[in-house]
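Spelled out from the first residue to the last, the chains are:
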Amino acid sequence: MLLKRDIFLLAIIAPLTAEILNGSTRILELTSWNIFLGTLFPYVLLIIILAYLIQETASFANILFLFPIAGIVIEGLITKSFFNVWFSDLSVLGGVGVWGGVQWVWTISLVASHLFVSFLIPIALTSFFVQKIHISRFIAYLSSGILAIYIIWISIVMPVRYEWYWIKLGILVFIILLLIQFSKVISIKNSQSKSMSFWIFFLTGLLFPIMNWLTSFFIATKPIVIILTAQMIFISIYLYFLWSQWFNKNTTKYKRIAFIAWYYIPYAVWLTLVGVKRTAFDYGFTGIFLTIGIIMLLIIAHYRNKTTIIE
């Protein structure tokens, strides 16, 4: 049977965490097949590929090499927002920190965001509900082929808005292949440090989206050196946290759930407020749904963790 439970959950969760639960795609837009096929479906293919690549890594911590891939695929190869200074979602970051035709502040912020919403969070949530995720080579290769065809097609039909179009896309593909190869042949030592408390995971989950916004959008008018320095400090702290804690063999999946729950609290508050203020019921519904989901997830995680300790 091709559509196993783990693949089904990955396919459902990835578009939710990456696009809908953070307000990037509105519920009302889901009635459009263009939105579904062009915006949500690539996440399904991508998460299946990433889950398969995790199985192929040389060590558990080697997943660190795979972190940039989700952001590169979505924002670099599909939307092309890395290079497009007219991209609709750029806001105050449009044209900030452009060097070599790349909007570096936006690129770093979006790669960091996709690391969680398009990669680690859907993997962690699926692992929470199923005992083990296993992706067959056939499914992984099929997903890769379909995604490649989609990227090539959209690259041809999308108007060329920047110089060295195909060369830049080729460089991105090369970087992805290089990262995959590194994850297989270069072994990163797994952390032996003590796993921190639930409250540390709560706090780091809550602070990630806030700090990501603060080190990009909220200081967009500052000198580029200050912005990039702030981003590098922010990214370095979280990469260390992921290596020492997220991939720590002593860290339970319930602590990762705590991180995820608090990660989405700022979005739940923002979506609910926007829904009330603008009378945009779909935003409000998403915010309320997300709030209820966070509470239920924490209750289930607490109950399972308590049961595991007793056993």
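A brief look at the structure comes next. The structure displayed is predicted, hence computed values, not measured ones. Residues take numbers from 1 onward in each chain, read along the sequence in its written order. Only residues with pLDDT of 70 or above have their local features reported here, since the model is predicted, and side-chain atom pairs are shown and tallied only from 80 upward, although totals for entire chains, interfaces and linings are computed over all residues. Side-chain measures here rest on the full set of heavy atoms in the structure, leaving out hydrogens and waters.

What follows covers the nonpolar core. Ranked by size, the top nonpolar core spans 95 residues in total, and within it Phe-116, Ile-135 and Tyr-264 carry the most contacts. Here a strand is any run of E in DSSP of at least two residues, a helix any run of H or I of at least four, and the numbering for each starts at the N terminus. Looking at this core element by element, the count peaks at 15 residues for helix α4 (residues 104–129). Contacts: residue pairs with any heavy atoms within 4.5 Å of one another. What Phe-116 contacts, discounting residues up to four positions off in sequence, is Ile-121, Pro-122, Phe-208, Tyr-238, Leu-242, Phe-259 and Tyr-263. By convention a nonpolar core is built from buried Ala, Val, Leu, Ile, Met, Phe, Trp, Tyr and Cys residues, the set being connected through side-chain atoms within 4.5 Å. Exposed residues in this analysis have more than 50% of their type's maximum accessible area, buried residues have under 20%, and partly exposed residues fall in between, with area computed by a 1.4 Å probe over protein chains only.

Moving on: the packing of aromatic side chains. Only Phe, Tyr and Trp rings are paired, with Trp represented by its six-membered ring, and only when their centres lie within 6.5 Å; those with planes under 30 degrees apart are stacked, over 60 edge-to-face, the remainder tilted. Tallied over the full model, the rule gives 37 aromatic pairs. Here Tyr-52 and Tyr-141 contribute two aromatic rings whose centre-to-centre distance is 6.3 Å and whose plane-to-plane angle is 80°, an arrangement assigned as edge-to-face. Taken together, the residues span a long stretch of sequence, with Tyr-52 in helix α2 (residues 33–56) and Tyr-141 in helix α5 (residues 137–157) at a distance of 89 residues. Given the relative accessible area of 8%, Tyr-52 is considered buried. Judged by its relative accessible area of 52%, Tyr-141 falls in the exposed class. Of the aromatic side chains, those joined through ring pairs into one cluster are Phe-116, Phe-201, Phe-208, Trp-213, Phe-234, Tyr-238, Phe-241, Trp-246, Phe-259, Tyr-263, Tyr-264 and Tyr-267. Placement of a charge over a ring requires the Lys NZ or Arg CZ to be within 6 Å of the ring centre, with the centre-to-atom vector within 35 degrees of the ring normal. Sitting above the plane of the Phe-198 ring, Lys-255 keeps its charged end 5.9 Å from the centroid.

Another point: the pattern of salt bridges. A side-chain nitrogen of Lys or Arg and a carboxyl oxygen of Asp or Glu constitute a salt bridge if their distance falls within 4 Å. Here the structure, examined in full by the defined rule, presents two salt bridges. Here Asp-6 makes a salt bridge to Lys-4, at a shortest N to O gap of 3.9 Å. Residue Asp-6 is classed as buried on the basis of its relative accessible area of 5%. Note that Arg-26 and Asp-282 form a salt bridge whose closest N and O atoms lie 2.7 Å from each other. In this pair, Arg-26 sits in the loop between α1 (5–20) and α2 while Asp-282 sits in helix α11 (residues 281–310), placing the two residues 256 residues apart along the sequence. The exposure class assigned to Arg-26 is partly exposed, which follows from its relative accessible area of 27%. Residue class for Asp-282 comes out buried when judged on its relative accessible area of 2%.

What follows covers helix α10 (residues 265–277). The end-to-end C-alpha distance of α10, which contains 13 residues, comes to 18 Å, matching closely the 18 Å that a straight helix rising 1.5 Å per residue would cover. Those residues of α10 lying buried are Pro-266, Tyr-267, Ala-268, Leu-271, Val-274 and Gly-275. What a helix is expected to span follows from its residue count: subtract one and scale by 1.5 Å.

Structurally, the position occupied by Trp-270 is in helix α10. Taking relative accessible area as the criterion, Trp-270 reaches 39% and is therefore assigned partly exposed. In sequence terms Trp-270 and Phe-116 are 154 residues apart; their C-alpha atoms lie 19 Å from each other. Ignoring anything within four residues of it in the chain, the contact list for Trp-270 reads Asn-22 and Gly-23.

This part covers the environment of Phe-67. Counting through the fold element by element, Phe-67 comes out in helix α3 (residues 67–78). Judged by its relative accessible area of 3%, Phe-67 falls in the buried class. Distance from Phe-67 to Thr-251, taken between C-alpha atoms, is 19 Å for residues 184 residues apart in sequence. Contacts of Phe-67, omitting those with residues within four sequence positions, involve Leu-115, Phe-119, Leu-120, Leu-239, Leu-242 and Phe-247.

Below, the discussion takes up unusual backbone geometry. Backbone geometry places Ser-91, a non-glycine residue, at a positive phi of 55°. As for its placement among the helices and strands, Ser-91 is situated in the loop between α3 and β1 (98–99). A positive phi angle, close to 55°, is found at Trp-164, a residue other than glycine. Relative to the helices and strands, Trp-164 resides in the loop between α5 and α6 (165–185). Overall, the relative accessible area of 59% leaves Trp-164 in the exposed class.

All right, on to the layout of surface pockets then. Empty space among the atoms becomes visible once a probe the size of a water molecule is rolled across them. Lining residues are those with an atom within 4 Å of a point, where the points come from a 1 Å grid over the protein atoms alone and group into cavities, where a 1.4 Å probe fits but cannot get out, or pockets, open sets with protein on both sides within 12 Å along at least five of seven lines. Grid points are joined across faces, edges and corners, and a volume is the space filled by probe spheres set on the points. By volume, the largest pocket amounts to about 1,200 Å³. In terms of lining, the largest pocket is formed by 37 residues, of which the most central are Asn-22, Ser-24, Asp-89, Trp-106 and Leu-110. Sorting the residues of the lining of the largest pocket by element identifies α1, α2, α3, α4, α5, α7 (198–214) and α10 as the ones contributing at least two each. Ranked by residues supplied to the lining of the largest pocket, first place goes to α4 with six residues.

All right, on to a nonpolar patch on the surface then. Only residues whose relative accessible area exceeds 30% and that take part in no salt bridge are eligible for patches, with like-charged residues grouped when within 9 Å of each other and nonpolar side chains (Val, Leu, Ile, Met, Phe, Trp, Tyr) grouped when within 5 Å. Reported accessibility uses the Shrake-Rupley method at a 1.4 Å probe radius. Residues are deemed covered only where the shown protein chains occlude them. A cluster of nonpolar side chains, namely Trp-33, Phe-36, Leu-37, Phe-41, Phe-138, Leu-142 and Ile-146, defines an oily patch on the protein surface of about 700 Å² accessible area. When residues of the nonpolar patch are traced back to their parent elements, those giving at least two are α2 and α5. Sorting elements by how many residues they give to the nonpolar patch places α2 first, with four residues. Structurally, Phe-41 can be placed in helix α2. Taking the relative accessible area as the measure of exposure, Phe-41 reaches 30% and is therefore partly exposed.

Bringing the packing of α2 against α3 into the picture now. Between α2 and α3, whose axes approach to 10 Å, the crossing angle comes to 145°. In the packing of α2 onto α3, the handedness of the crossing is right-handed. Of the residues in α3, those in contact with Pro-42, Tyr-43, Leu-46, Leu-50 and Leu-53 of α2 are Ile-69, Ala-70, Val-73, Ile-74 and Ile-78. Nonpolar residues are Ala, Val, Leu, Ile, Met, Phe, Trp, Tyr, Cys and Pro. Charged residues are Asp, Glu, Lys and Arg, and all others, Gly as well, are polar. For the contact of α2 with α3, the per-class residue count stands at ten nonpolar, no polar and no charged. Axes here refer to lines fitted to C-alpha atoms; in helices the fit is confined to the stretch in contact. Angles between the N-to-C directions go from 0 to 180 degrees. Note on convention: the crossing is left-handed when the near helix lies turned anticlockwise from the far helix by less than a right angle, right-handed when the turn is clockwise.

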